[in-house]
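# Overview (structure and organization)
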Amino acid sequence: MEHLQLNGTILVVVPHSDDEIILFGGLIQRALQEKHDVHVALVTNGDYEATTEEKGITRPLETLAGLKLLGLQEENVHLMGYADIGMPKAESFIWRLWVAEDENHVEPSHVGIHTYGPANHRDFHSLWHGIPAPYTKKAFREDLLELLNVVKPDMVFTTHPEDAHGDHAGLYQFLREIVSGTLYTAFCHSYLGDVAWPLQTAQFTCPPDMEEQWQRTVKLDLTEVERRCKGKALEI
């Protein structure tokens, strides 16, 4: 397995709070240590259990605090402000947008029909256009395109197309459509169930349902300090 070599401006794009730490917490630390320009985009508010915007900003605020602990400046965190309505593809907000035939169809959430964010850290569309974006396929794709134009990344990291969570798989599809060059992905939810893999005391081996993808895997070995810092960020 080859070692990952970081280059230029780094953009991490994830669906939900904690994904950025679980999947890329070590990478973010290493990139900052190597003086790369690092940006993280949180696509949804993770507001699955919320019914108001006041409740819905809870998890994005946790993301800001966790990334601050890793050393990332708040101005380099982009809160896209979209919805989180379920995990299976049939219930997943991002997957439902991806398969929508009408790109202007509004996909409502438990909270509303447009993007939102904390008062002191506005959602991406509101920040750049003064108004929130509607929950549509067209607006979602355009916001991702604008994010790429603003950040101008040399390397993009996101979630895996075969992840069992519809938001994870759907986000990959949108990015694969608009990102030129290599799109680096990380795997979180298995169709065999969420298991503690790999065990910290075990050899780093292929997960049971990823044999084909394993042949194209790269790795980033973390130091003990990086692992501890990642763990502390997850506790927030």
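The numbering scheme is per chain: residues are counted from 1 as the chain's sequence reads. Selection of residues for local features in this predicted model requires a pLDDT of at least 70, selection of side-chain atom pairs for listing and counting requires 80 or more, and totals for whole chains, interfaces and linings are taken over all residues. Note that the side-chain values use all heavy atoms of the structure and ignore hydrogens as well as water.

### Observations regarding the sheet that holds strand β6 (residues 183-186)
Pairing is parallel across the open sheet formed by 5 strands, whose spatial order is β4-β3-β2-β5-β6. Because the sheet does not close on itself, it has two edges, and the strands there are β4 (77-82) and β6. Averaged over all pairs of adjacent strands, the angle between their axes in this sheet comes to 20°, without regard to strand direction. Paired strands, as defined in this entry, are two strands with at least two bridges between them according to DSSP. Helix and strand definitions follow DSSP, with helices as H or I runs of at least four residues and strands as E runs of at least two, each counted in order from the N terminus. Where strand β2 (residues 10-14) meets strand β5 (residues 155-159), 3 bridges bridge the pair, whose relative direction is parallel. Only C-alpha atoms enter the line fits that serve as axes; for helices the fit covers just the stretch in contact. Angles between N-to-C directions range over 0 to 180 degrees.

### Digging into the nonpolar core
Formed by 32 residues in total, the largest nonpolar core has its most connected members in Val13, Tyr82, Phe93, Phe140, Leu147, Leu171 and Leu175. Counting only elements with at least two residues in this core, the list comes to β2, β3 (38-44), β4, α4 (93-99), α6 (137-151) and α7 (166-178). With 6 residues, the single largest contributor to this core is α6. Leaving out residues up to four positions away in the same chain, Phe140 has contacts with Val43, Tyr82, Ile94, Leu97, Leu171 and Phe174. Among buried residues, those of type Ala, Val, Leu, Ile, Met, Phe, Trp, Tyr and Cys that are joined through side-chain atoms within 4.5 Å constitute a nonpolar core. When a residue's accessible area, from a 1.4 Å probe over protein chains only, is under 20% of the maximum for its type it is buried; when over 50% it is exposed; and in between it is partly exposed. Of all hydrophobic cores here, the second largest spans 25 residues; its members include Val14, Val38, Leu64 and Leu72. Only heavy atoms enter the contact rule, under which two residues are in contact if any of them lie within 4.5 Å.

### Describing the pairing of β4
Most of β4 sits out of view: 6 of its 6 residues are buried. Burial along β4 is two-sided: the face carrying Val77, Leu79 and Gly81 and the face carrying His78, Met80 and Tyr82 are both buried. As paired strands, β3 and β4 are joined by 4 bridges and run parallel to one another. Residue pairing for β4: Leu42 is matched across the bridge by Leu79.

### Remarks on α6
A rise of 1.5 Å per residue sets the reference length of α6, with its 15 residues, at 21 Å; its end C-alpha atoms lie 21 Å apart and thus fit the reference within 8%. Restricting attention to buried positions, one finds in α6 the residues Lys137, Ala139, Phe140, Arg141, Asp143, Leu144, Leu147, Leu148 and Val151. Lys152 sits one or two residues past α6 and shows a positive phi near 55°. Given the number of residues in a helix, its expected span is that number minus one, multiplied by 1.5 Å.

### Some thoughts on the packing of helix α1 (residues 19-33) against helix α9 (residues 224-234)
Where α1 contacts α9, the axes come no closer than 9 Å and their chain directions differ by 130°. Judged on the interaxial angle alone, α9 and α1 are oblique. Crossing of α1 against α9: the hand is right-handed. Where α1 approaches α9, its residues Ile21, Ile22, Gly25, Gly26, Gln29, Arg30 and Gln33 are matched on the opposing element by Val225, Glu226, Cys229, Lys230, Ala233 and Leu234. An angle counts as roughly parallel when it lies under 35 degrees, as roughly antiparallel when it exceeds 145, as roughly perpendicular when it falls between 65 and 115, and as oblique in every other case. Crossing handedness: left-handed means the near helix sits turned counterclockwise from the far one by under a right angle, and right-handed means the same turn made clockwise.

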